[in-house]
Amino acid sequence: MATEQVLVERSGHVAEIILNRPERKNAITGPLARALQDAIETCSADGEVRVILLRGASGVFSSGLDLKEFNADPRPDWLPAFQATWRGVHESIYATDKAVVCALEGYAINAGSALALSADFIVAGEGAFLQVGEVRQGRPAPMNLAWLSMRYGDALARRIMLLGHRIVGDELLRLGIAHDVVHDDLVLTTARALSEELAELPPAGISATKQLLRRMDLPGRPNDWFALAAEGAAELGRASGPIPSLKR
C-alpha cells in the first residue's frame, strides 16, 4: 500500500501538516499537491484548529519539484493539471484565517521555497537554507514571485529570484524572512512552541488580523497575486522538454 504523501497530526489547537516523501526529500508531485490542498482546506474549516504548522518528514522541508516524476516518459496523468493544482495550494494558504508556521529544516528549494514563504512565520535552522533557483534552470517562479512581492517588496524579490543563491540561516533572519533561527536540532521544538503561543491568542483576533492584511493587498478578485504571477508566466511561455536539474 502506498504511503500517504501528506500527513496531518493534531496537538490541541495546532495541526501539523507534514510533507511525507522522505525517500525523495519531500519533493512535490501532483498527488502530493492535491493532498496538501485538501489538508490545508480541511484544517482551515476546522473550528478547533487555530494554527497550521507546515513541515517536512525526516528533517528536510522540501527539495522542490520531483524532477524524476515531472520528466518521466510516459508523462504522469496529473502533469497537465499540475500548475492549476499548485496555484490552488497557495491560494488556499493565502485564504486561511489560521496562523501558519513553517519549520524550515534542511532546505526549501524552488517549489519548496514558495511553500515555506507562504507561512506567516518561518523558524529556520542555522544550517538550513532557502533557494529560489528557477532562474538557474531557465524557468520562471510565479508562486515564489507572488509571495516575495506581496510580503517583501520588489527589491528583495529581484535579489532573491534573479541570483538564485542559497540563503542560509542567519541571512534569512537578517533579511526579515525568518522569524527565528535556532540550532538545527531545535527547529521543530521552537516552531511547535511558537505555534502553541499563537494558539493561546484569541482566534477571532488572528482571523480578523489576517482578513485585514488581505484587504491591504492588491485590489480586485481574491488571490490576485497568484493569478497575476501565474498568468504572466504562462504568457511568457514555458520551455519545452525536461526540467533541468538545479545541481551543477
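In this numbering scheme, every chain counts its residues from 1 along its sequence in written order. Whole-chain, interface and lining totals are the exception, using all residues; otherwise, since this is a predicted model, local features are given only for residues with pLDDT of at least 70 and side-chain atom pairs are given and counted only at 80 or more. For the side-chain quantities, the full set of heavy atoms in the structure was used; hydrogens and water were omitted.

Visitor: Mind laying out the sheet that holds strand S2 (residues 14-19), listing which residues take part and the relevant values?
Guide: When DSSP finds two or more bridges between two strands, those strands count as paired. Segments assigned H or I by DSSP are reported as helices when at least four residues long, segments assigned E as strands when at least two residues long, and all are numbered from the N terminus. Overall, mixed pairing links the six strands, which are arranged S1-S2-S3-S4-S6-S9 in an open sheet. Where the open sheet ends on each side, the last strands, each with one partner, are strand S1 (6-11) and strand S9 (180-182). The mean angle between the axes of side-by-side strands here comes to 20 degrees, regardless of whether they run parallel or antiparallel. Examined bridge by bridge, strand S4 (residues 99-104) and strand S6 (residues 121-125) share four bridges and lie parallel to one another. By the bridge assignment for S6, Ala 103 is matched with Val 123. For this analysis, residues touch if any pair of their heavy atoms sits within 4.5 Å. For helices, the fitted line uses only the C-alpha atoms of the stretch in contact; every axis is such a line through C-alpha atoms, and the angle between N-to-C directions lies from 0 to 180 degrees. Set on the sheet, helix H1 (residues 30-45) makes contact with S1, S2 and strand S3 (51-56); between it and S2 the angle comes to about 180 degrees.

Visitor: Pulling in residues and values, what's your account of helix H9 (residues 203-215)?
Guide: Here a helix's expected span is defined as the number of its residues, less one, multiplied by 1.5 Å. Helix length check: H9, at 13 residues, gives a terminal C-alpha distance of 19 Å against a target of 18 Å (1.5 Å per residue), a fit within 8%. Categorising residues by exposure relies on relative accessible area from a 1.4 Å probe, with only protein chains included: less than 20% of the type maximum marks a residue as buried, more than 50% marks it as exposed, and the intermediate range marks it as partly exposed. Restricting attention to buried positions, one finds in H9 the residues Ile 206, Ser 207, Lys 210 and Arg 214. Summarising the axial view, the buried residues of H9 lie within an arc of 95 degrees, below the 170-degree limit, and thus occupy one face. Along H9, exposed side chains directed more than 90 degrees from the buried face belong to Ala 204, Leu 212 and Arg 215. Buried residues belonging to H9 abut helix H3 (82-95), S4 and helix H8 (187-199). In this description, the arc belongs to the directions extending from the helix axis to the C-beta atoms.

Visitor: I'd like a rundown of the pairing of S2, residues and numbers included.
Guide: Counting buried positions along S2 yields six of six residues, so the element is predominantly enclosed. Here S2 shows no split at all, with Val 14, Glu 16 and Ile 18 on one side and Ala 15, Ile 17 and Leu 19 on the other all buried. Hairpin connection between S1 and S2: a loop of two residues separates the two successive antiparallel strands, and Gly 12 in this loop has a positive phi of roughly 60 degrees. The sheet contact formed by S2 and S3 spans six bridges and is parallel. Among the inter-strand pairings, Glu 16 is bridged to a residue of S3, identified as Leu 53. Regarding topology, H1 serves as the crossover connection from S2 to the parallel S3, and that connection is right-handed. Clockwise travel from the first strand over the helix to the second, with the strands pointing away from the viewer, marks a crossover as right-handed.

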